[in-house]
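Fold and contact review
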Amino acid sequence: MSDGFRTSHVYRELRQKASDLFKRHNLELSVIDQMDLMQLAHELEVREIELLLQNDELNTALKDLEESRNQYFELYHSAPVALLTLDKKGLITQSNEAAAKMLAGHVDFVIGRPFSSLIVPEDQGLYFSFLKNFTLRKAASFCELRLLSHQNQVVHAVLVVAPQDDSHGEFS
């Protein structure tokens, strides 16, 4: 016999025994038990209403968050100043249109590239020294750098960095 057959057979036997015990003891709900059930039903209805209200609040907060995100997105991408966002490894994760036009001609060209690859060779040491100091201080700071555009034209830029609080409460 297979285990599935044995399991279902054992289950049926246990269920039958429980049903027989119930009938033998003639278990019926008392008045107190019915009152307890009514109170429990009331508590469940109240809890359901609380959950519905919380759901409405969460939906409102989500709508507000989406509106805020859309405003940030529009502000970031339509800014007349070149803006790049880097990750911890120094890779470009976001670029607005102004930065893309100035450096690469197209957003897809800069996304995923190391920011350091855009810096003129003479300023590489300055950049890495600046990052090392920033990592030690964890305070907003800036430095001037020269970047190379996709047409090998030198672009003077000010690099501004600020620590960000990540999802674990740590600064990066």
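Keep in mind that this is a model prediction, so the values were computed, not measured.

**Digging into the overall build of the chain**
- In terms of regular secondary structure, the chain is built from five helices and four strands.
- When the helices and strands of the chain are read in sequence order from the N terminus, they spell out α-α-β-β-α-α-α-β-β.
- Burial statistics for the chain: of 172 residues in total, 18% are counted as buried.
- In the chain, the share of contacts with a sequence separation of at least 24, taken over all contacts with a separation of at least 6, comes to 28%.
- On the chain, roughly 13,600 Å² of surface is accessible, and the fraction owed to carbon and sulfur atoms is 59%.

**Observations concerning the pairing of strand E2 (residues 92-95)**
- When strand E1 (residues 84-86) meets E2, the two strands line up antiparallel, connected through three bridges. Paired with Thr85 across the strands is Gln94, a residue of E2.

**Digging into the packing of aromatic side chains**
- In total, this model carries three aromatic pairs according to the counting rule given.
- Considering the side-chain rings of Phe115 and Tyr127, the 5.5 Å spacing of their centres and the 55° angle between planes classify their relative orientation as tilted. Remark: Tyr127 occurs in helix H5 (residues 124-137) and Phe115 occurs in the loop between helix H4 (107-110) and H5; sequence separation between them is 12 residues.
- Overall, the relative accessible area of 5% leaves Phe115 in the buried class.
- Here a set of aromatic residues connected by ring pairs shows up, and it is made of Phe115, Tyr127 and Phe128.

**Considerations on the environment of Pro80**
- For Pro80, the position within the fold is in the loop between helix H2 (31-78) and E1.
- Put simply, Pro80 and Ala99 are 19 residues apart on the chain and 9.0 Å apart in space, counted from C-alpha to C-alpha.

**A word on unusual backbone geometry**
- Phi is positive for Asn152, which is not a glycine, with a value near 60°.
- Summarising the element assignment, Asn152 is placed in the loop between strand E3 (141-148) and strand E4 (154-161).
- Its relative accessible area of 60% is what places Asn152 among the exposed residues.

**Structural notes on the nonpolar core**
- Counting 17 residues, the largest nonpolar core has Phe115, Ile119, Tyr127, Leu145, Leu147 and Leu159 as its most contacted members.
- Put simply, the parts of the chain that give this core at least two residues each are H5, E3 and E4.
- With four residues, E4 is the largest single contributor of residues to this core.
- The residues touching Leu159, leaving out its near neighbours within four places in the chain, are Phe115, Tyr127, Phe130, Ser141, Phe142, Cys143 and Leu145.

**Re a nonpolar patch on the surface**
- Side chains of Leu37, Leu40 and Leu44 sit close together on the surface and give an oily, nonpolar patch of about 300 Å² of accessible area.
- Within the secondary structure, Leu44 sits in helix H2.
- The class for Leu44 is exposed, based on a relative accessible area of 55%.

**Examining the confidence of the model for the chain**
- For the chain, mean pLDDT is 82; residues scoring 70 or higher make up 84% of the total.
- Of all the helices and strands in the chain, helix H1 (residues 3-25) carries the lowest mean pLDDT, 70, while E3 carries the highest, 91.

**What about the side chain of Gln124?**
- Within the secondary structure, Gln124 sits in helix H5.
- In contact with Gln124, other than residues within four places in its own chain, are Ser116 and Ile119.

The rules behind the values
- Residues numbered from 1 in each chain as written.
- Predicted model: local features only at pLDDT ≥ 70, side-chain atom pairs only at ≥ 80, totals over all residues.
- Heavy atoms only, no water.
- Helix = DSSP H or I, 4+ residues; strand = E, 2+ residues; numbered from the N terminus.
- Buried < 20%, exposed > 50% of the residue type's maximum accessible area, 1.4 Å probe, protein only.
- Contact = heavy atoms within 4.5 Å.
- Areas by Shrake-Rupley, 256 points an atom, 1.4 Å probe, with all protein chains shown as cover.
- Pairing = 2+ DSSP bridges.
- Phe/Tyr/Trp six-rings, centres within 6.5 Å; stacked < 30°, edge-to-face > 60°.
- Core = buried A, V, L, I, M, F, W, Y, C linked by side-chain atoms within 4.5 Å.
- Patch = residues over 30% accessible without salt bridge, like charges linked within 9 Å, V, L, I, M, F, W, Y side chains within 5 Å.
- Salt bridge = Lys/Arg side-chain N within 4 Å of Asp/Glu carboxyl O.
- pLDDT = per-residue confidence, 0-100.

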